[in-house]
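Per-entry structural report
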Amino acid sequence: MISITDNELYAVHGGGIGWGIAGLIAGFLTFVIGIVDGYMRPLKCN
């Protein structure tokens, strides 16, 4: 096993996409699904 210094630990980058980007993608998909659902299955307002 290799020991690394504190400076090397701070230089490590990892992870996938950030939570902000994931939230934007999820919000956009929810919006598009809502539009498609409203177009395919329109409901009258009460």
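Notes on the structure follow. (Residues numbered from 1 in each chain as written. Predicted model: local features only at pLDDT ≥ 70, side-chain atom pairs only at ≥ 80, totals over all residues. Heavy atoms only, no water.)

Observations concerning the overall build of the chain
Within the chain, the secondary structure is distributed over two helices and zero strands. In terms of overall dimensions, the chain has a C-alpha envelope of 65 × 20 × 10 Å along the principal axes. The 46 residues of the chain split such that 0% are buried. When the accessible surface of the chain is split by element, carbon and sulfur atoms take 69% of a total near 4,900 Å². (Helix = DSSP H or I, 4+ residues; strand = E, 2+ residues; numbered from the N terminus. Buried < 20%, exposed > 50% of the residue type's maximum accessible area, 1.4 Å probe, protein only. Areas by Shrake-Rupley, 256 points an atom, 1.4 Å probe, with all protein chains shown as cover.)

Let's talk about the pattern of salt bridges
For the structure shown, the criterion picks out one salt bridge. Here Asp 37 ties to Arg 41 by a salt bridge, and the two come within 3.1 Å at their closest N and O atoms. Residue classification places Asp 37 among the partly exposed residues on the basis of a relative accessible area of 35%. Overall, the relative accessible area of 48% leaves Arg 41 in the partly exposed class. (Salt bridge = Lys/Arg side-chain N within 4 Å of Asp/Glu carboxyl O.)

Regarding the environment of Ile 17
Tracing the backbone through its elements, the reader meets Ile 17 in the loop between α1 (6–10) and α2 (19–40). Separated by 13 residues in the primary sequence, Ile 17 and Ile 4 place their C-alpha atoms 25 Å from one another. When neighbours within four sequence positions are excluded, Ile 17 is seen to be in contact with Ala 22 and Ile 25. (Contact = heavy atoms within 4.5 Å.)

Regarding the environment of Gly 34
The topology assignment puts Gly 34 in helix α2. A C-alpha to C-alpha distance of 44 Å links Gly 34 and Leu 9, two positions 25 residues apart in sequence.

So yeah, pure geometry; function would need other evidence.
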